Amino acid sequence: MRPDGITNTEMSHDVTVKPDGGRAGARSCAAAAERSARRSRGRRMKTMPASWKLLLLPTLLLMTSCGRTDTKTLDPTQTPPASVPPLADLKREVVLKSENVTENIELRQLVRLFLECSLTADQNKLPNMTAFWSRDGQEIPDSRLTVALEKEQYGIQRLFNITSEEKVGTYSCVFENKVRADFVLATPRFREKRDKPVVSYVHDFVVLPCKMEGSENESLTWLWFKGNETHKERISAQPDRFEIRSQNLTSRLKLINLTFADAGFYYCAAVYAVGSTMNPIKLKVITFWEPLKPFIAILIAVVLLVVVIFLCEKQQSKKKVTEGNEENVDQNNIK
Amino acid sequence: MRKPERPHEHCCCRATRQATGSRWKEVTSERIMSPAATDAAESKPPDGGWGWMVVVGAHISIGFAYSTPKALSIFFKEIQEDLGASSSEIAWISSIMLAVMYAGGPVSSVLVKRFGSRPIVIVGGLMCGVSMVTASFGRSIVYLYLSIGIIGGCGLCFNLNASLTIISKYFLSKRPLANGLAMAGSPVFLCFLAPLNQFLLGDFGWRGSLLILGGMMLNCCVAGALMRPVTLSCNPSAVAALKNMETTTKHNMSKKGRCLTNARQFLDFSFFKDRGFIIYLMGNTMYIFGAYAPIVFLSAYAVSQGVEEYSAAYLLSIMGFVDMFVRPGTGLIANSKWIRPRIQYFFGFAMIFNGACHLLCPMMTSYAFLVGYAVFFGVGFGMVFALIFECLMDLMGNQRFPSAVGLVTIIECFPMLLGPPTAGLLVDLYGDYKYLFYMCGAVIMSGGLFLIIMNILHYHMLEKEKAEHNGARRSPETGNQDGVSLSEAQREPTEAESAPMNRDPQDPSTDDTGPDITDHF
């Protein structure tokens, strides 16, 4: 995503970066700065050293406008400067009473996160209450405020610009009386958890699927890994062994001509701008002899049962015949 | 094969059988509660003894027949991923299997009449086993359609038809109980196969599981081995004589006539002249149309009401568990002397109960209520299915039952395949499950009401016809009359047992070809 060409005369315009390319935005900022610096340097070759100031000023302006997008401590009432890329807005409010509250927030893209905590006043009804915001357990500097009691509640709010993967974490508002609300930011979780392994056979093929919930139009990037919790190895499509087919919200890894070495854990990762989620799938490879053993056992049992039943029947019918003959003989004797 | 004896050596069973055509209507009209008459035969069914082992065999056979298409759906997700098929393509496997199982009815009934139940069930079991084993090597979805769908469906069809027929041969006075016990095989095997399939899937994958399932279906052969043909006390030579007569008449007919009779063997359209049969068929069709859709959509409905997925799956298990006990229970109740004469009404009542359950379902919003609904659904479903074939046996009698059941199953094929998709269409159109339940409940309830009302009319008209015939019967007839009274006299002691039911009792009949061919087994 390359920004429009930045020239010296276009300093005042926005750096047009798409919202979900935070990292790309920073990169393009740097690229734009590089380009303008190169152009300025080029001009500098011909002009006099007095135009150093001419060089510095646009570069400085460019830097500050790029740097502005990283700001967190923005007063919500102030309109953001025009150079901040247009992010989606997400607002969350929590009302606290006496217990801590945890709120899970699913992020699929870069957002401007507007968080608000309202603490209901208890019997004391103190006129003022101090509170602060923390991130991942550590207090954010310059965030401690004293709020006044308003309509039986103490309210505190803050805007967070979630513009990169590093910004994703747990944000909390903590009040003086130790009551807190935790907002856990995370990429979307996989809905289906497989606890059973996928079983397949040597020399056979198997398809490992991964599906993410979401809207129809969403298009995700998918990556596959093989390994375990600590060490994962990226899988790239090799024509005779792996085949990866990804489409929007689903991705399929096809393993061809399985061997015992192919068994183990496979991870599919759905990549979002704010991070990626992994889903483990276990693959088990066995030979065909394994299910054949119980099958043959059942077959033998069936044959035995059938033979036993027929033998019993033959015996019973023989008994009846001999009994019948005896009866006939008796009857003849009587006659 | 026995050599056909000369026609004049006959026993009572042959005499009455000879008069089939002319006397049919007369005997039919004489029955009040069970309009179908079969030919009089002096060998009454054992009603016990080895019959209970036959019930065990039928239990296994019917159990596999009804539960396999449902239990296979556990493998579908894995198969779908491996073979790259869509959900609807996968669902066709079950549909083809069910369709073949029902549509193969007439073929199966002809084979059962020809060869007896035992060889057919053994062949059916072998076919099922082979189908599953070949399916485990499948590489494409069409291969699975052929192996599981067609071959498996054929095998199950043979099983079902033959098992029902042999019950009708072994039991008369305890027949509702035997039917209830045999039909209980369906929920028992479903309860047993579903977790087993899950376990096998986790250990062996879908290929290994299909292989092992094939081995288990070979147990149908054991069930078949148990189905000893009924031994006749009647002189079997007379039966052979009858066959001789049949073959001579066949030779005399023209080729076209022979073709027609052969065709009529498969689909005997003379059944459609029987009023009781038509009533049963229509009521049954309405029931089958609405019966399966609620089962298919119950968990989805529960999830939409806010129940979590595991609990929603339990609802179906609850229904199956209740069903397991209700079927034999219903058989026991239907066997009692108050209900048995009015068994057709009891059947209609069971259908109305089932329909009422579905109509009340949309009001069930909490999980506790849904569990209650599942319990009552199980009760209603079990009651209907315990009686569904018993009523047909009651209507048709022993002789005509195999062909009748073949005809009924092939006609039932259509509502069974159309029901769930129509219900699904309703859900798609309105986005709400309640219309599905309203539709199913309404159709089933009207089917039940139809049965009750039409049966009242039917028996009323039968009584009128009987009164007329009693008047007309004063005129002397040939030796047939003796045959009738002789068999009736013989039935007096049995009548005392199952008193009000057998006012004009059904005839337990002999298996036409039983002693000739099945003796070799």
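The structure presented is a predicted model; accordingly, all values stated were derived computationally and were not measured.

**Structural notes on a negative patch on the surface**
Phase 1 of the analysis: Together, Glu323, Glu326, Glu327 and Asp330 of chain A make up a region of like negative charge exposed at the surface.
Phase 2 of the analysis: Along the chain, Glu327 of chain A falls in helix H3 (residues 289-334).

**A word on the confidence of the model for chain B**
Residue and element names in this part refer to chain B.
Phase 1 of the analysis: Averaged over chain B, the pLDDT score is 79; the fraction of residues at 70 or greater is 75%.
Phase 2 of the analysis: Taken together, the stretch residues 1-42 has pLDDT below 50 and engages in 110 contacts with residues farther than four places along the chain or on a different chain.
Phase 3 of the analysis: Low pLDDT, under 50, characterises residues 477-521; the stretch is placed with 98 contacts to residues that sit more than four places away or in other chains.
Phase 4 of the analysis: For this predicted complex, the interface confidence reaches an ipTM of 0.74, while the overall pTM sits at 0.72.

**Looking at the sheet that holds strand E11 (residues 206-211) of chain A**
Residue and element names in this part refer to chain A.
Phase 1 of the analysis: Strand order in the open sheet formed by three strands is E11-E15-E14, and the pairing between neighbours is antiparallel. The two strands at the open ends of the sheet, each matched to only one other strand, are E11 and strand E14 (242-247). Looking at each pair of strands side by side, their axes are set apart by 15° on average, direction ignored.

**A look at the UniProt feature "transmembrane region" (unreviewed entry) in chain A**
All names here are of chain A.
Phase 1 of the analysis: Here, the residues flagged by UniProt with the feature "transmembrane region" (unreviewed entry) are residues 255-275 and 295-312.
Phase 2 of the analysis: In the segment residues 255-275, helix accounts for 0% and strand for 52%; the C-alpha atoms at its two ends are 27 Å apart.
Phase 3 of the analysis: Secondary structure within residues 295-312 divides into 100% helix and 0% strand; the distance between the first and last C-alpha atoms comes to 26 Å.

**A look at the sheet that holds strand E10 (residues 198-201) of chain A**
Strands belonging to one sheet form pairs held by backbone hydrogen bonds; the direction of such a pair is parallel or antiparallel.
All names here are of chain A.
Phase 1 of the analysis: With respect to topology, five strands assemble into an open sheet ordered E10-E17-E16-E12-E13, the strand pairing being mixed. Since the sheet does not close on itself, it has two edges, and those belong to E10 and strand E13 (232-234), each with one partner. Along the sheet, successive strands turn relative to each other by an average axial angle of 35°, direction set aside.
Phase 2 of the analysis: As judged from the four bridges shared by E10 and strand E17 (residues 275-286), these two strands associate in the parallel manner. Paired with Tyr201 across the bridge in E17 is Ile286.

**Side note on helix H11 (residues 219-226) of chain B**
Phase 1 of the analysis: Of all eight residues making up H11 of chain B, seven are buried, and the element is well covered by its neighbours.
Phase 2 of the analysis: All of the buried residues along H11 of chain B are Cys220, Cys221, Val222, Ala223, Gly224, Ala225 and Leu226 of chain B.
Phase 3 of the analysis: Contacts from the buried residues of H11 of chain B go to H3 of chain A together with helix H3 (50-71), helix H7 (117-135), helix H8 (141-170) and helix H10 (185-217) of chain B.

**Some remarks on the pairing of strand E16 (residues 264-272) of chain A**
Residues and elements named next belong to chain A.
Phase 1 of the analysis: With seven bridges connecting them, strand E12 (residues 221-227) and E16 associate as antiparallel partners. The partner of Trp224 across the bridge, within E16, is Cys268.
Phase 2 of the analysis: Here E16 runs beside E17; their pairing, made up of nine bridges, is antiparallel. Looking across to E17, one finds that Tyr266 is bridged to Ile281.

Thresholds applied
- Residues numbered from 1 in each chain as written.
- Chains lettered and ligands numbered in written order.
- Predicted model: local features only at pLDDT ≥ 70, side-chain atom pairs only at ≥ 80, totals over all residues.
- Heavy atoms only, no water.
- Patch = residues over 30% accessible without salt bridge, like charges linked within 9 Å, V, L, I, M, F, W, Y side chains within 5 Å.
- Areas by Shrake-Rupley, 256 points an atom, 1.4 Å probe, with all protein chains shown as cover.
- Salt bridge = Lys/Arg side-chain N within 4 Å of Asp/Glu carboxyl O.
- Lys, Arg positive; Asp, Glu negative; His and termini not counted.
- Charge placed at Lys NZ, Arg CZ, Asp CG, Glu CD.
- Helix = DSSP H or I, 4+ residues; strand = E, 2+ residues; numbered from the N terminus.
- pLDDT = per-residue confidence, 0-100.
- Contact = heavy atoms within 4.5 Å.
- Pairing = 2+ DSSP bridges.
- Axes fitted to C-alpha atoms, helices over the stretch in contact; angles between N-to-C directions.
- UniProt positions renumbered as here; feature names shortened; annotations may be inferred.
- Buried < 20%, exposed > 50% of the residue type's maximum accessible area, 1.4 Å probe, protein only.

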